[in-house]
Amino acid sequence: MNEQKTHEDLLNYYIGLLSKIQHYREMAGLAHWDMATYAPKQGKSMRSEALGTLSTEAFKMSVSPEMQNILTELSEEEHFNKLPEKYQRSIKKDIKHLDKFRKIPEDQYRDYVVLTSKAQNIWEKAKEDNDFETFQPYLEKIVDFNQRMAKLVGYEGHPYNALIDRFEEGMTVEKLDTTFGELKRGIQGILDKIKNSSKTLNKRLESVNLSVEKQKILSEKILEKIGYDFECGRLDESVHPFTIGLNPKDVRVTTRYQEDFFKTALFGTIHEGGHGMYEQNIPLELFKTSVGSAASTGMHESQSRFWENVVGRSEAFWKGLLPEFTELFQDEIDKLTLEEMVDYINIVEPSMIRVEADELTYSLHIILRYELEKDLIDGKISVKDLPKLWNEKMKEVIGIEPKDNREGVLQDVHWAGGMFGYFPTYALGNLYSLQLTEALKKDLTDFTTLIENHNFAPIKGWMIEKVHQRGNLRTAEELIKEITGEGLSVKPYLSYLEDKYKKIYQF
Ligand code: ZN
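None of the values given here were measured: they were computed from a predicted structure.

What to know about the overall build of the protein
Here's step 1: Secondary structure assignment for the protein yields 22 helices and 3 strands.
Here's step 2: Scaling as 2.2 N^0.38, a compact globule of 507 residues should have a C-alpha radius of gyration of about 23 Å, and the protein matches this with 23 Å.
Here's step 3: Each principal axis of the C-alpha distribution contributes one length, and for the protein these read about 75 × 50 × 45 Å.
Here's step 4: Approximately 22,000 Å² of the protein is accessible, and the part contributed by carbon and sulfur atoms is 48%.
Here's step 5: Taken together, the 67 basic and 84 acidic charged side chains of the protein have centroids lying 1 Å from each other.

Quick look at the structure:
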């Protein structure tokens, strides 16, 4: 940089670099969305290469000498002290990123992006064929890269800490072992009470088929009701539902319809809608910095879980929805009562597939993956033993055993995508969602009535003000402390589960 540059010049140069990176990421995101929705099957392999190029360019810019120079200049006291908070935090975050990731050679990074993109296609086929062995060499390479990356970027304590920090800044194995230990014991305790309860829930709805066309109408209607903005988004279909925020004005969600299992689309849509509203309400002025994203992946998940479970599976929500629902499906379902619906969507039954798990046992599926992946990363266990270890752990943690790898170790795409360190954020989202709910109820004392009346605007408004608008100005840990006065806690979630199932299962 030229010595004569003014403070404004420097800042503008920095903003320019950030927006260039963002543009590459936006196009890579769009390519990813296209691959997952409408791209022809045969086109995916070459698209992986294009995606690799775009992501690598964005990565290169984020660790480039230009970036390093401008960050150094703006960090100088005379400049830094003049900057608004959003830029100060953005610069600090970029320096942290740069210090860690410039140690990863560019060619290795590119190979890895292409590897994980291809591995996802291999995994899809392997799952279909129940064939772990074809997928194994890919997963071995991915684990190997993650182990090397942990060493390169550095960590304190467990090597897995380097990986989880990418999704949940400051989170560690040491903290998770305690938190998840408490969560596991709490859930297993409630599960025992349910097993010993003499109440059996009505399962008539398990055998109804609901027209996919009508399910689509319902999905769109519910998204509109809770406040997802279709002017800045769209709803499509994909094998695995997801949300992608290309920018706050273009946030896309997907869902999956099953004629014989309407819970998939219904709760999948509400879940992604929760993610979508977070992305849509990140202020544009923050989006143009490096803090224009969620506080963490776990905090992102708190929003989807809040709308899916705390709202969507509540009696109050169905009190409001039942008339419309019964009218829409009048040809398919006869004489539906509120109690029957609430029981049906809250049935607890240990099952093999994480994405179809009930609300109670869901977190156990996460804890199982967490325990396996931290051992994979520090080399305690190896990829070839995963199918066996998976089945043993299922038995130990959830009490049932998969009949094959399709419903066992091959069920999730995350490891094929290289997302080591990601799974814990799903359970953290559950915990944050109830910490937030407790705080929200103090401000909106008519919370239940608002839900019954499907008057979601005040609830969404509260989330925007407290969570969405803050972007990544705070870490999740800092944000939850700011909102609730307390750090991460298991208690609100466990007491919510206890109260909920006590009522339903009458224990
Ligand atoms: Zn989610």
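Re the nonpolar core
Here's step 1: In this structure, Leu183, Met299, Trp318, Phe325, Met341 and Ile459 are the most contacted members of the largest nonpolar core, which totals 134 residues.
Here's step 2: Looking at this core, the element that brings in the most residues is helix 16 (residues 359-377), giving 10 residues.
Here's step 3: Built from parts of two domains, this core gets at least three residues from each of domain 1 (7-154) and domain 2 (173-505).
Here's step 4: Those residues in contact with leucine 183 that lie beyond four places of it in its chain are Ser363, Ile367, Ala427, Leu431, Val490, Tyr493 and Leu494.
Here's step 5: Core analysis: the next-biggest nonpolar cluster, separate from the first, contains 17 residues, Leu10, Leu11, Ala58 and Ile91 among them.

Points about the sheet that holds strand 3 (residues 250-255)
Here's step 1: An order of 1-3-2 is seen for the 3 strands of this open sheet, with the pairing classed as mixed. The two strands at the open ends of the sheet, each matched to only one other strand, are strand 1 (233-237) and strand 2 (243-247). For this sheet, the mean angle separating the axes of adjacent strands, direction not counted, is 20°.
Here's step 2: Here 5 bridges tie strand 1 to strand 3, and the two strands are oriented parallel to one another. Bridging from a neighbouring strand, glycine 233 pairs with valine 251 of strand 3.
Here's step 3: Each of strand 1, strand 2 and strand 3 is contacted by helix 1 (residues 7-37), which is oriented at about 145° to strand 2, the strand it contacts most.

A few points about the pattern of salt bridges
Here's step 1: What the rule picks out here adds up to 40 salt bridges.
Here's step 2: With a closest N to O distance of 3.6 Å, glutamate 106 and lysine 60 form a salt bridge. In this pair, glutamate 106 is assigned in helix 6 (residues 106-129) and lysine 60 in helix 2 (residues 44-62), connecting sequence segments 46 residues apart.
Here's step 3: Owing to a relative accessible area of 29%, lysine 60 belongs among the partly exposed residues under this scheme.
Here's step 4: Here the salt bridges share partners, and the residues they tie into one network are Arg89, Lys96, Lys100, Asp165 and Glu169.

Some remarks on the environment of aspartate 443
Here's step 1: Relative to the helices and strands, aspartate 443 resides in helix 18 (residues 424-443).
Here's step 2: Of the residues examined, aspartate 443 reaches a relative accessible area of 46% and is grouped as partly exposed.
Here's step 3: Remark: the alpha-carbon pair of aspartate 443 and lysine 203, spanning 240 residues in sequence, is separated by 37 Å.
Here's step 4: In this structure, aspartate 443 is in contact with Trp462 and Lys466, ignoring residues within four places of it in sequence.

Notes on the coordination of the zinc ion
Here's step 1: Protein coordination at the zinc ion: the donors are His271 (NE2), His275 (NE2) and Glu301 (OE), at 2.1 to 2.3 Å from the metal.
Here's step 2: On the primary sequence, the residues serving as donors to the zinc ion are separated as H-x3-H-x25-E. You can see histidine 275 sitting in helix 11 (residues 262-280) and its partner glutamate 301 sitting in helix 13 (residues 297-311), a full 26 residues away along the chain. The exposure classification of histidine 275 matches that of glutamate 301, with both residues buried.

Remarks on the packing of helix 10 (residues 212-226) against helix 11
Think of two packed helices as two axes; the pair is described by the angle between the axes and how far apart they sit.
Here's step 1: In the contact formed by helix 10 and helix 11, the axes pass within 10 Å of each other and the chain directions differ by 30°. Put simply, helix 10 runs roughly parallel to helix 11. Judged by the twist between their axes, the crossing of helix 10 over helix 11 is right-handed. Between helix 10 and helix 11, the contacting residues are Gln215, Leu218, Ser219, Ile222, Leu223 and Ile226 on the first element and Phe262, Ala265, Leu266, Thr269, Ile270, Gly273 and Met277 on the second.

With respect to the domain arrangement of the protein
Here's step 1: Looking at the assigned domains, one finds that the protein contains domain 1 (7-154) and domain 2 (173-505).
Here's step 2: The distance between the C-alpha centroids of domain 1 and domain 2 comes to 27 Å.
Here's step 3: Each side of the interface is counted separately: domain 1 has 37 residues, and domain 2 has 44 residues.
Here's step 4: When domain 1 packs against domain 2, close to 3,500 Å² is buried across both sides, 62% of that on carbon and sulfur atoms.
Here's step 5: Looking only at domain 1, the three residues that lose the most surface to domain 2 are Trp33, Arg89 and Phe132, adding up to 19% of its buried area.

A word on the packing of helix 16 against helix 18
Here's step 1: Where helix 16 meets helix 18, the axes come as close as 8 Å, and the angle between the chain directions of the two elements is 140°. In terms of axis orientation, helix 16 runs oblique to helix 18. In this structure, helix 16 meets helix 18 at a crossing whose hand is left-handed. From helix 16, Tyr362, Ser363, Ile366, Tyr370 and Glu373 reach across to helix 18, where they touch Pro424, Tyr426, Ala427 and Asn430.
Here's step 2: Of the residues belonging to the contact of helix 16 with helix 18, the class tally is 6 nonpolar, 2 polar and 1 charged.

As for the packing of aromatic side chains
In this description, an aromatic ring pair is defined by two values, namely the gap between the centres and the angle between the planes.
Here's step 1: Per the stated rule, a full pass over the model turns up 24 aromatic pairs.
Here's step 2: In this structure an aromatic cluster arises from ring pairing among Phe262, Phe306, Trp307, Phe317, Trp318, Phe325, Phe329, Tyr344, Phe447 and Phe456.
Here's step 3: In this structure, lysine 141 packs its charged tip against the face of tyrosine 138, placed 5.9 Å from the ring centre.
Here's step 4: In this structure, arginine 305 packs its charged tip against the face of tyrosine 362, placed 4.1 Å from the ring centre.

Focus: the environment of tyrosine 109
Here's step 1: Mapped onto the elements, tyrosine 109 comes out in helix 6.
Here's step 2: Counting along the chain gives 193 residues from tyrosine 109 to serine 302, while the straight-line C-alpha distance between them is 30 Å.
Here's step 3: Setting aside chain neighbours within four positions, we find tyrosine 109 in contact with Ser55, Thr56, Phe59 and Ile104.

Digging into unusual backbone geometry
Here's step 1: Despite not being glycine, asparagine 130 shows a phi value in the positive range, around 55°.
Here's step 2: Within the secondary structure layout, asparagine 130 lies in the loop between helix 6 and helix 7 (132-153).
Here's step 3: The phi dihedral of histidine 454 is positive, around 50°, even though this residue is not glycine.
Here's step 4: Position of histidine 454 relative to the elements: it lies in the loop between helix 19 (447-452) and helix 20 (457-466).

About the thresholds
- Residues numbered from 1 in each chain as written.
- Predicted model: local features only at pLDDT ≥ 70, side-chain atom pairs only at ≥ 80, totals over all residues.
- Heavy atoms only, no water.
- Helix = DSSP H or I, 4+ residues; strand = E, 2+ residues; numbered from the N terminus.
- Rg over C-alpha atoms; globule rule 2.2 N^0.38 Å.
- Areas by Shrake-Rupley, 256 points an atom, 1.4 Å probe, with all protein chains shown as cover.
- Lys, Arg positive; Asp, Glu negative; His and termini not counted.
- Charge placed at Lys NZ, Arg CZ, Asp CG, Glu CD.
- Core = buried A, V, L, I, M, F, W, Y, C linked by side-chain atoms within 4.5 Å.
- Buried < 20%, exposed > 50% of the residue type's maximum accessible area, 1.4 Å probe, protein only.
- Domains from an automatic or database assignment.
- Contact = heavy atoms within 4.5 Å.
- Pairing = 2+ DSSP bridges.
- Axes fitted to C-alpha atoms, helices over the stretch in contact; angles between N-to-C directions.
- Salt bridge = Lys/Arg side-chain N within 4 Å of Asp/Glu carboxyl O.
- Donors = N, O, S within 2.8 Å, 3.2 Å for Na, K, Ca; no water.
- Parallel < 35°, antiparallel > 145°, perpendicular 65-115°, else oblique.
- Left-handed = near helix turned anticlockwise from the far one by under 90°.
- Buried area = accessible area lost by both parts, 1.4 Å probe.
- Nonpolar A, V, L, I, M, F, W, Y, C, P; charged D, E, K, R; others polar.
- Phe/Tyr/Trp six-rings, centres within 6.5 Å; stacked < 30°, edge-to-face > 60°.
- Lys NZ or Arg CZ within 6 Å of the ring centre and 35° of its normal.

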